Amino acid sequence: MSVLLTVLAALIATGACAYHRSSLRTWAIATIAVTLVVGLLTHARATMVVLLIIELLIAVPLLVVPFRRKQISAPLLKMFARVTPKLSATEQTALEAGTVGFEGELFSGKPAWQNLLSQPRPELSAEEKAFLDGPVEQLCGMLDDWQITHELADLPPEVWEFIKKHKFFGMIIPKQYGGLGFSALAHSAVLQKLATMSATAASTVAVPNSLGPAELLLHYGSDEQKNFYLPRLAVGEEIPCFALTGPYAGSDATSIPDYGTVCRQVVDGVETIGMKLNFDKRYITLAPIATVVGLAFRLYDPEHLLGDKEDLGITLALLPRSTPGLEIGRRHFPLNVPFQNGPVRGKDIFAPLSTLIGGPHMAGHGWRMLVECLSVGRAISLPSNATGGVRMAVAGTGAYARMRKQFGLAVARFEGVEEALARIGGLTYATAALSRATAAAVDRGEKPAVPSAIAKYHATEWGRAIAGDAMDVHGGKAVQLGPKNYAGRAWQGVPIAITVEGANIMTRSLMIFGQGAIRCHPYVLKEMQALAIADYHERLNTFDRALFGHIGFGISNAVRSFVLGITGASIGAAAGDAYTRRYYRKLNRYSAALALCADTFMGVLGGKLKFKEKLSARLGDVLSYLYIASAMLKRYEDTGRPEADRPLLAWAFHECMWRTQMALDGAIRNFPVRPVAWLLHVLVFPFGRREVPPSDRLGRRVAAIITAPGEARDRLLEWAYLTPTANNTVGRMNQLLPDVIAAEPVERKFGKAQKAGQFTSRDYAGQLDEAVRAGVIDASEAALLKRVREGVFEFISVDDFNPEELRSAITRNDLKKLADAA
Ligand SMILES: Cc1cc2nc3c(=O)[nH]c(=O)nc-3n(C[C@H](O)[C@H](O)[C@H](O)COP(=O)(O)OP(=O)(O)OC[C@H]3O[C@@H](n4cnc5c(N)ncnc54)[C@H](O)[C@@H]3O)c2cc1C
């Protein structure tokens, strides 16, 4: 017994030190002291001596740093140099661009919640609020999505004018250049509001404010370029586009075959150094109407007119539309969401060096410029557009499900529909929190490379899930396209957001964990960077520090993961209030599990992990769900811990934890080195998988929130355009919703009498009169039922067309005939 006690005491001391991340020295002192005290007290002298010898054998070589470096770190450094995957220049640039924010804490296995919770609450300025309530509100009132998507396949001229006049294209351009100089949060709010009315308008406004000429000029442009272009871009005098993608380079954008050759050419009688450009770009947003084309190409300098190098690398230029030979103006047709999008081509076009963004010294720096700017734009544009879309799904589907009656009941009351409504409400809560978090990160000056990928992927994927659920809840109403259908086009256009700015499969399988693991990990990047140090001693010292930090980190995560697993994450200090404390503890647990698995996977598979996309996708999912859950908790704190929001928070949180568990389990189960997988399974899931998806009861509460007016629903609908204008069916439905709810008890009385055969009349109006006469309902109740029935009829109606209306005004044959005649 005394032997067992002594061994147990030494193990507990070791475990406690690992759990709390004590230093090696503290561990050695604590473990030796505990072994001595317990050994002496329990008279287990022999055990005590054996344990002390083991402890000293571990502690002494590790604490004597010169010995440790020579005997342990030096051979490991050699091995590490051999197994570390060679990063391509592209990957190196991607890894170095951007900053690390709270996602780094999630990778630490022991998140410092104070770092998240002490961040200031993101707020709009008075000027930004006025813009939302003024020009944005007015613009939303002008958007008729059917006219845009079906009749014109474009925004109407007055909308284009309005957008330019009110500087919607200049939200990110500072005031000194005539732009609006808005915060990222305001930029996001504007896009969200526009997206509730028209994906075409939101995409059109998003592009010039995202990755494109303005963003690139702001960071890298010469003063001359900034002073010329930025004021013109701000007021829409110049319409920009940015052309990177082509037929042979989509996701793998660095492989663009488009090229430029530095050469001399006589221009207006003067010999000018410039570039001969050859390019074939496609899918370029705003290209058909662009007046200035941002172009990415590989630049060669065979005559060494710029310097020694021949292959300068990816380079960015701004070509005016008037550039002779520029082929531009034709359109693609992205899934009936007709924002301007088309190809741009050029063969042996001459462009002077002054067109290079930032001037000739920036030639060859194009990829870095793009990657650095991408994270900022990607954190805002697509997540905001998706968030606007899902907010409108809440408003539209929540109201419709309450109005549409089948089997004598609102369809929202059927459990099957309730399930879909719960997903719509819960995932919208999560998506909104995620969008807000990435916008806030940009406003804090971060370049959130990893969170922007998380936000892009999850906001658009959840947008896809919610759009599908919204369609199902509406049934035929959402299938029949026409001016009355507010859901069909949104559903149709979802794959666009899934594809652009990093197609989602690649974003999930390659980028989130791939970048996150190396960028956010407290030691991996340091170890990799140590390899690049030229001086051997400095290299070894730096590697040694990182390596032993890393080993301690790994042991700590294994202990934390196991301890938090066996205790059901019910111990330890945690942030939050009585309601949310358990949520923070769960996040602590899975943060430790993520850190443990990430280390183990990287340590065992090394460079091969890069090609095990199914494993890294799952670990990326874990990081994403932890990030999203943290963003929701921050939002809950920022909004004053509203009790009314708790069902939404709880639903979305449990969904995230359930998905976290399944992703971790999937990664461990499919890990190819089985003994390692078994060990990980014990450490991460000591009692098996205990997380459960949100309960049906919780789902019912969420469905109730989104189908009736209330403060939690209002917060979900923040920045949605709900003014009941003629062009806004969902706004008008929401205006009617209180009456629909007030009519429900009256309908029950009326329905009961109807079922009992109390009325002789066959039509509704006649039955209402009879009901009033019989005292079943009073006159004001009858008026309410009549008003609601008429109102609801408008919303359950669909469009029908004269067959001629559905024919395209001009066919390919007509065009061919015109061309032949010409
Ligand atoms: C409507 C629209 C607007 C656009 N606007 C612009 C614009 O303004 N400017 C511009 O330059 N480009 C633009 N694009 C291009 C867009 O960024 C590309 O479509 C995108 O990069 C994907 O390229 P791709 O379509 O050729 O798909 P591909 O690269 O052919 O990919 C096909 C599939 O393979 C997957 N995949 C590829 N590589 C990997 C990998 N390593 N691991 C896992 N999966 C992988 C992708 O995720 C995708 O699912 C736009 C595209 C569209 C559709």
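Residues numbered from 1 in each chain as written. Predicted model: local features only at pLDDT ≥ 70, side-chain atom pairs only at ≥ 80, totals over all residues. Heavy atoms only, no water.

(A) Broad picture of the overall build of the chain. Helix and strand content of the chain: 33 helices and 9 strands. For 822 residues, the compact-globule formula gives about 28 Å, and the C-alpha radius of gyration of the chain, at 31 Å, lands near that figure. Every one of the 822 residues in the chain was classed for burial, and the buried ones make up 55%. At a minimum sequence separation of 6, the contacts of the chain that also span at least 24 residues come to 76%. By element, 58% of the accessible surface of the chain is carried by carbon and sulfur atoms, the whole surface being about 35600 Å². Within the chain, one finds 90 positive and 78 negative side-chain charges whose respective centroids are separated by 8 Å. (Helix = DSSP H or I, 4+ residues; strand = E, 2+ residues; numbered from the N terminus. Rg over C-alpha atoms; globule rule 2.2 N^0.38 Å. Buried < 20%, exposed > 50% of the residue type's maximum accessible area, 1.4 Å probe, protein only. Contact = heavy atoms within 4.5 Å. Areas by Shrake-Rupley, 256 points an atom, 1.4 Å probe, with all protein chains shown as cover. Lys, Arg positive; Asp, Glu negative; His and termini not counted. Charge placed at Lys NZ, Arg CZ, Asp CG, Glu CD.)

(B) Representation of the packing of aromatic side chains within the structure. In this structure the tally under the stated criterion is 18 aromatic pairs. Pairing Trp113 with Tyr584 gives two aromatic rings, centres 5.0 Å apart and planes at 80 degrees, and the pair type is edge-to-face. Residue Trp113 is found in helix α7 (residues 113-117), and its partner Tyr584 is found in helix α23 (residues 581-605); the two are separated by 471 residues along the sequence. Tyr584 shares its class with Trp113; the two are buried. Centroid distance Trp462 to Tyr625: 6.4 Å. Interplanar angle 10 degrees. Geometry classified as stacked. Of the two residues, Trp462 sits in helix α17 (residues 449-474) while Tyr625 sits in helix α24 (residues 613-638), which places them 163 residues apart along the sequence. We note that Trp462, like Tyr625, is buried. Of the aromatic side chains, those joined through ring pairs into one cluster are Phe131, Phe162, Phe168 and Phe182. Its guanidinium or amino end placed over the ring of Tyr19, Arg560 lies 4.5 Å from that ring's centre, counting from NZ or CZ. (Phe/Tyr/Trp six-rings, centres within 6.5 Å; stacked < 30°, edge-to-face > 60°. Lys NZ or Arg CZ within 6 Å of the ring centre and 35° of its normal.)

(C) Inspection of the UniProt feature "transmembrane region" (unreviewed entry) in the chain at higher detail. Under the local residue numbering, the UniProt record ascribes the feature "transmembrane region" (unreviewed entry) to residues 42-65. Helix makes up 83% of residues 42-65 and strand 0%. Its end C-alpha atoms lie 35 Å apart. (UniProt positions renumbered as here; feature names shortened; annotations may be inferred.)

(D) Structural view of the pairing of strand β5 (residues 311-320). In terms of residue burial, β5 counts as a mostly covered element, since 8 of its 10 residues are buried. Note: strand β4 (residues 292-300) against β5, 9 bridges, orientation antiparallel. Considered in β5, the bridge of Leu295 is made with Ala317. (Pairing = 2+ DSSP bridges.)

(E) Geometry of the site of the ligand. Close contacts around the ligand come from 22 residues, with Leu244, Thr245, Ser251, Tyr283 and Glu613 the closest. A distance of 2.6 Å separates an oxygen atom of the ligand from a polar side-chain atom of Ser251. Here Tyr283 contributes a backbone N or O atom positioned 2.7 Å from a nitrogen atom of the ligand. Compared with its free state, where it exposes 970 Å², the ligand has 68% of that area covered by protein. For the shell around the ligand, the secondary structure elements donating two or more residues are β1 (240-243), β3 (270-285), α19 (488-499) and α20 (504-520). Element by element, the count of residues in the shell around the ligand is highest for α20, at 4 residues. Considered class by class, the residues forming the shell around the ligand number 13 nonpolar, 7 polar and 2 charged. (Near = heavy atom within 4 Å. Polar contact = N/O pair within 3.5 Å; in protein donor to acceptor, adjacent residues only side chain to side chain. Nonpolar A, V, L, I, M, F, W, Y, C, P; charged D, E, K, R; others polar.)

(F) Main features of unusual backbone geometry. One non-glycine residue with positive phi stands out, namely Asn336, at about 60 degrees. The residue Asn336 is located in the loop between β6 (327-328) and β7 (341-352) in this model. A positive phi angle is found at Trp719, which is not glycine, with a value near 70 degrees. Note on placement: Trp719 falls in the loop between α28 (711-716) and α29 (729-755).

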